[in-house]
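Next come the chains, spelled out residue by residue.
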Amino acid sequence: DDDDDDDDDDDGNLGRGLGGGDGEDDEELLALNVGEAPTPTEQRTSEGQGGGGADSEVTSEGEKATVSPPPKRQISITNEKFKEIAAMLGRYLNKRAEAGSESEVWGDVVQWYLEEKVDAFEDVAAMESEKAIVDRVIRRLLADRTVLIQIGIPDPSKPEDEARIALHPSIDARAL
């Protein structure tokens, strides 16, 4: 009987903030992971602290000043779009590997993707939005370490788009 109560509590906590599993929130969940926005629980927690999650500093006059980190922009994409981008990047990196290139520069891969999709952009803002999405998809694929890998040791003094990336060796490129 105690086990049943624990399961009910777990289910209630899992569903909280995610809409109760009606299917629409699968995209929201992907947006949270790809967009790196705070989870609904983190948002409620920081809002409830009165400081909005910001750090406080005391000024020379003894007043409290609030220093907020820059807000993270949430980007929502469908799972299909995520898979489409991942597949395009994977096929490109595989083609480059077959041509003898061990790895590619992150920024060059993003540039290739944008050039492939240039006709789909209505304006520069749409292209910049797509670039942000592709950067976040790459970041997610690198974090998962199942599709993409970073070559060499990451250098925090350099921009991430200068990092070298490659298709994970265990990926079957024919499946992309």
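Structure: see above.
None of these values were measured; they are calculated from a predicted model.

Novice: I'm lost on the overall build of the chain in this one. Help?
Specialist: The helix and strand inventory of the chain stands at six helices and five strands. When its helices and strands are written in sequence order, the chain yields α-α-α-β-β-α-β-α-α-β-β. Burial analysis of the chain (176 residues in total) assigns 28% to the buried set. By sequence separation, contacts in the chain at least 24 residues apart represent 56% of the contacts at least 6 residues apart. As presented, the chain carries roughly 11,900 Å² of accessible surface, and 46% of it is formed by carbon and sulfur atoms.

Novice: Quick question: what am I supposed to make of the sheet that holds strand 4 (residues 148-151) here?
Specialist: What links the strands of a sheet is backbone hydrogen bonding, and the strands pair in either a parallel or an antiparallel sense. Taken in spatial order, the three strands of this open sheet run 3-5-4, and their pairing is antiparallel. Whereas interior strands pair on both sides, the edge strands pair on one side only; in this sheet they are strand 3 (104-105) and strand 4. Note that strand 3 and strand 5 (residues 164-167) share two bridges and pair antiparallel. The partner of Glu104 across the bridge, within strand 5, is Ile165. The sheet contacts of helix 6 (residues 124-144) involve strand 4 and strand 5, and relative to strand 4 the element is tilted by about 85 degrees.

Novice: How should the packing of aromatic side chains be read in this particular structure?
Specialist: Geometry of an aromatic ring pair is reported as the spacing of the ring centres plus the angle between the planes. Taken as a whole, this structure holds one aromatic pair when the rule is applied. Aromatic pair Tyr92 and Trp112: ring centres 4.3 Å apart, planes at 15 degrees, arrangement stacked. A residue pair is termed long-range when its members are at least 10 positions apart, and Tyr92 in helix 4 (residues 79-98) and Trp112 in helix 5 (residues 106-116) qualify at 20 residues. Here the basic side chain of Arg140 rests over the ring of Phe82, its NZ or CZ set 5.2 Å away from the ring centre.

Novice: Can you walk me through the nonpolar core in this structure?
Specialist: Nonpolar side chains in soluble globular proteins generally cluster together in the buried interior. Membership of the largest hydrophobic core comes to 29 residues, with the highest contact counts inside it found for Tyr113, Ile138, Leu148 and Ile165. Going through the elements one at a time, helix 4, helix 5, helix 6 and strand 5 are the ones with two or more residues in this core. With residues near it in sequence (within four places) discarded, Ile138 still touches Leu89, Trp106, Val110, Leu148 and Ile165.

Novice: What exactly am I supposed to notice about helix 6 here?
Specialist: Residues spaced three or four apart along an α-helix face the same direction, because each turn holds 3.6 residues. Relative to the 30 Å expected for 21 residues at 1.5 Å per residue, helix 6 spans 30 Å between its end C-alpha atoms, a close match to the ideal helical length. Where helix 6 is concerned, the buried positions are Glu130, Ala132, Ile133, Val134, Asp135, Arg136, Val137, Ile138, Leu141 and Leu142. By the N-cap criterion, in which a side-chain oxygen at the helix start approaches the backbone nitrogen of a residue two or three places on, helix 6 is capped by Asp123, the distance to Ala125 being 3.3 Å. Positioned one or two residues after helix 6, Arg145 has a phi angle of 55 degrees, which is positive.

Novice: Teacher, can you tell me more about the environment of Asp108 here?
Specialist: For Asp108, the location among the structural elements is in helix 5. Counting along the chain gives 56 residues from Asp108 to Arg164, while the straight-line C-alpha distance between them is 9.5 Å.

Novice: Explanation requested: the packing of helix 4 against helix 5 in the structure shown.
Specialist: Geometry of a packed helix pair, given as the angle between the helix axes and the separation of the axes. As a packed pair, helix 4 and helix 5 sit with axes 11 Å apart at the nearest point and diverge in direction by 115 degrees. By the angle between their axes, helix 4 is roughly perpendicular relative to helix 5. The two elements helix 4 and helix 5 meet at a crossing, and its hand is right-handed. On helix 5, the residues touching Ile85, Met88, Leu89, Tyr92 and Leu93 of helix 4 are Val109, Trp112, Tyr113 and Glu116.

Novice: Just checking my understanding: could you explain the pattern of salt bridges for this structure?
Specialist: A side chain with one charge may pair with a side chain of the opposite charge, provided their charged atoms come close. A full pass over the atoms with the stated rule returns six salt bridges. The partner of Glu84 in a salt bridge is Lys117, and the shortest N-O contact between them spans 2.7 Å. One end of the pair, Glu84, is in helix 4; the other, Lys117, is in the loop between helix 5 and helix 6, and 33 residues separate them in sequence. A relative accessible area of 23% means that Lys117 is categorised as partly exposed. Put simply, Asp144 and Arg140 hold a salt bridge, and the shortest N to O gap is 3.8 Å. Of this pair, Asp144 and Arg140 both sit in helix 6, four residues apart, which is roughly one turn of the helix.

Cut-off values and rules
Residues numbered from 1 in each chain as written. Predicted model: local features only at pLDDT ≥ 70, side-chain atom pairs only at ≥ 80, totals over all residues. Heavy atoms only, no water. Helix = DSSP H or I, 4+ residues; strand = E, 2+ residues; numbered from the N terminus. Buried < 20%, exposed > 50% of the residue type's maximum accessible area, 1.4 Å probe, protein only. Contact = heavy atoms within 4.5 Å. Areas by Shrake-Rupley, 256 points an atom, 1.4 Å probe, with all protein chains shown as cover. Pairing = 2+ DSSP bridges. Axes fitted to C-alpha atoms, helices over the stretch in contact; angles between N-to-C directions. Phe/Tyr/Trp six-rings, centres within 6.5 Å; stacked < 30°, edge-to-face > 60°. Lys NZ or Arg CZ within 6 Å of the ring centre and 35° of its normal. Core = buried A, V, L, I, M, F, W, Y, C linked by side-chain atoms within 4.5 Å. Expected span 1.5 Å × (residues − 1). Polar contact = N/O pair within 3.5 Å; in protein donor to acceptor, adjacent residues only side chain to side chain. Parallel < 35°, antiparallel > 145°, perpendicular 65-115°, else oblique. Left-handed = near helix turned anticlockwise from the far one by under 90°. Salt bridge = Lys/Arg side-chain N within 4 Å of Asp/Glu carboxyl O.

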